[in-house]
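Fold and contact review
Take a look at the letters that make up each chain.
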Amino acid sequence: MSVYRVLFVADTHTGSTVSPWPEGHPLPDGGTWQLSRPQRMLANFWDQMLEEALAFDHIDAIVSLGDLVDGGNPKAGLITDRVDYQAGAAVELLAPLRELSERFYVVRGTEWHTGKGDQHVTSIARDLGATPIPSTGELTWPELYLDMDGCIIHCAHHIGGTSNPMYEATAVLKALDTLMLELMSKYGKLAPNVMGIVRAHRHRAISVSKNGRMGMVLAPWKLKDNLAHKVAPESIPEIGYGVMEAEDGKLSGWVRTFDLPLPHIERGA
């Protein structure tokens with residue numbers, strides 16, 4: 001039996017000054033944005049992800065797990081507050097990745113960034129030929145139950161966070177167990193046998209497994225912005241993506257994170 005493989009990417013936040021931006025993409029005034037040194041580092045990581053993805057013999061599906069654009073809030077550090085231009089840049093950024101699989105799913109993110117019902121992301125999903133919800137034709141999914149050759153996983157953007165990294169796995173296992181109990185209580189023997197969950201949102205990556213089931217939280221593609229420096233000054237940024245595989249009724253997977261440079265240490269005279 002062949003491996004069923006899914007690649008996950010989340011929290012690209014295109015439009016933020018500390019997120020990837022395709023070099024040369026136009027701005028509303030007709031100019032272009034000069035990439036900062038951190039953005040060039042992110043661009044190198046993005047290219048490395050593409051190279052690693054190309055090394056697979058196949059990818060059955062690619063899932064974008066929310067917050068594709070950063071939105072138009074003036075309090076954020078933005079390249080432009082024109083969300084339509086952010087969306088165009090996100091399409092240019094994601095297009096090479098999207099070409100690696102026939103199936104491409106867009107799961108909704110945080111309305112603060114992506115608009116009510118992910119309205120700012122619909123054009124991105126359309127331009128990239130995202131797989132629609134069969135019953136409605138809607139291109140962005142509030143949640144996604146994905147059958148990976150008999151192993152069902154549940155994909156959603158949001159998950160609780162913690163200020164203590166020692167407890168990062170707690171919310172993941174809690175979400176997985178809660179979902180299993182909810183499905184069993186509502187549907188009994190007809191309940192889908194969910195073996196894994198994938199989440200994003202909290203900008204911290206982790207992968208945990210227990211009793212043959214698996215939970216994964218994805219790393220983002222956004223470095224620390226002003227809000228992160230305020231609410232989580234002790235945190236170290238994480239950048240990366242995730243892969244989950246199903247083979248012979250078993251799940252496996254990993255979160256790939258890239259090595260960031262050491263913090264600058266300012267030394268006294």
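Structure: above.
Residues numbered from 1 in each chain as written. Predicted model: local features only at pLDDT ≥ 70, side-chain atom pairs only at ≥ 80, totals over all residues. Heavy atoms only, no water.

**A few points about the sheet that holds strand β2 (residues 61–65)**
In any sheet, the strands associate via hydrogen bonds between backbone groups, in a parallel or an antiparallel arrangement. Keep this limit in mind: Here, any two strands with at least 2 DSSP bridges between them count as paired. Secondary structure follows DSSP: runs of H or I at least 4 residues long count as helices, runs of E at least 2 residues long count as strands, and numbering of each begins at the N terminus. Residue contacts are counted whenever heavy atoms from the two residues lie within 4.5 Å of one another. Lines fitted to C-alpha atoms define the axes, with helix axes restricted to the stretch in contact, and inter-axis angles between N-to-C directions lie between 0 and 180 degrees.
Taken together, the 6 strands give an open sheet; going across it, the order is β4-β3-β2-β1-β10-β11, and neighbouring strands pair in mixed fashion. At either margin of the open sheet sits one strand with a lone partner, and together these are β4 (140–141) and β11 (250–257). Note that strand β1 (residues 4–9) and strand β10 (residues 240–247) share 5 bridges and pair antiparallel. Bridging from a neighbouring strand, V6 pairs with M244 of β10. Of the strands in this sheet, β1, β2 and β3 (103–107) are in contact with helix α2 (residues 83–98), which crosses β1 at around 165°.

**Considering the pairing of strand β6 (residues 151–155)**
Note on strand geometry: in a regular strand, side chains alternate between the two faces of the sheet. Threshold: Buried means the residue's accessible area, taken with a 1.4 Å probe over protein chains only, is under 20% of the maximum for its type, while exposed means over 50%, and partly exposed covers the values in between.
Within β6, 5 of the 5 residues are buried, which leaves it mostly tucked inside the rest of the structure. The two faces of β6 match: C151, I153 and C155 on one face and I152 and H154 on the other face are all buried. Bridge count between strand β5 (residues 144–148) and β6: 5 bridges; the pairing is antiparallel. Bridge pairing in β6 links L146 to I153. The antiparallel hairpin formed by β5 and β6 contains 2 residues in its connecting segment, where D149 sits at a positive phi of about 55°.

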